[in-house]
Amino acid sequence: MNTITRRTALKAFASAPVAAAMAWTPAEADQAQRRAQQAKTDADRQGTPYQPKFFTAHEYATVAVLVDLIIPKDERSGSATDAGVPEFMDFMMIDQPRRQTAMRGGLAMIDRLCEQRFDKRFADCADAQRRTVLDDLAFPAKATPATSQAVAFFSSFRDLTASGFWSSKVGVDDLRYIGNTYVREWKGCPDEALKKLGVSYEAD
């Protein structure tokens, strides 16, 4: 097995501090989202898988697994991959050397953690093994010196996943936001919502 050494992964981080390198603007996210959705539509129309522009095949597979663990499919909406988040991330990396280094180094670090524990990379691990590793990275307050860099990366990766998901059509539909909508007859807050809030209208 070709393993990624801790030195290699840390070297990537040292050249581009995670928090700064993984930062982005709303305009960048919007542009990446539009390009990603167009690319996803084109790939679906042609019946061929999306071909990443930045990620290697292994990195792209790892990203797809990670984002779906962060935002899985449920009864309300599709998963992060359904929303095109991996494609969104791919476009977010284009022409951004510092961001590319932080992303590549972070994915390598997660692979390295899995190799140390399970002798295989993240995407090749069983679901329970993946969740064990992510449980150690999901809570910054519990980070140890040995995991602090991976924790910082995962926090930024999780934020990027959320940005990609809730700026997509799937994510907007999940919010059920309908904007300013004319209501012909307002009958008050629905009973279901009142019960959830633990309040009620006073009787006349």
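Notes on the structure in this doc start here. Within each chain, residues carry numbers counting from 1 in the order of the written sequence. With the structure being a predicted model, the display of local features is reserved for residues of pLDDT at least 70 and the display and counting of side-chain atom pairs for 80 or more, all residues being used for whole-chain, interface and lining totals. Side-chain metrics in this entry use all non-hydrogen atoms of the structure; hydrogen atoms and water are not considered.

Brief notes about the packing of aromatic side chains
Aromatic rings from Phe, Tyr and Trp, taking only the six-membered ring of Trp, are treated as a pair when their centres fall within 6.5 Å; an angle between ring planes under 30 degrees marks them as stacked, one over 60 as edge-to-face, and anything in between as tilted. Counting across every chain of the model gives six aromatic pairs. Residues Tyr50 and Phe91 carry aromatic rings whose centres are separated by 6.2 Å and whose planes lie at 45 degrees to one another, so their mutual orientation is tilted. Taken together, the residues Tyr50 in the loop between α3 (26-46) and α4 (57-70) and Phe91 in helix α5 (residues 85-93) connect sequence positions 41 residues apart. Of the residues examined, Tyr50 reaches a relative accessible area of 10% and is grouped as buried. Considering the side-chain rings of Phe55 and Tyr60, the 6.3 Å spacing of their centres and the 40 degrees angle between planes classify their relative orientation as tilted. Each helix is a run of DSSP H or I of at least 4 residues and each strand a run of E of at least 2, with the numbering of both proceeding from the N terminus. Think of it in three bands: residues with accessible area under 20% of the maximum for their type are buried, residues over 50% are exposed, and the middle band is partly exposed, with areas taken using a 1.4 Å probe on protein chains only.

Topic: the packing of α3 against α5
With their axes 8 Å apart at the nearest point, α3 and α5 run at an angle of 125 degrees to one another. Between α3 and α5, the angle falls in the class oblique. Classified by chirality, the crossing of α5 by α3 is right-handed. Each of Glu28, Ala29, Ala32, Gln33, Arg35, Ala36, Ala39 and Lys40 in α3 lies in contact with α5, whose residues at this interface are Glu87, Phe88, Phe91 and Met92. Side-chain classes follow a simple rule in which Ala, Val, Leu, Ile, Met, Phe, Trp, Tyr, Cys and Pro form the nonpolar group, Asp, Glu, Lys and Arg form the charged group, and the remainder, Gly included, forms the polar group. A breakdown of the residues in the contact of α3 with α5 according to their chemical character gives seven nonpolar, one polar and four charged. Fitted lines through C-alpha atoms serve as axes, helices being fitted only where they are in contact, and the angles separating the N-to-C directions of these axes extend from 0 to 180 degrees. Each angle is binned into one of four classes, with values under 35 degrees roughly parallel, values over 145 roughly antiparallel, values of 65 to 115 roughly perpendicular, and all other values oblique. What makes a crossing left-handed is the near helix being turned counterclockwise from the far one by less than a right angle; a clockwise turn instead makes it right-handed. In this analysis, two residues are considered to be in contact whenever any of their non-hydrogen atoms come within 4.5 Å of each other.

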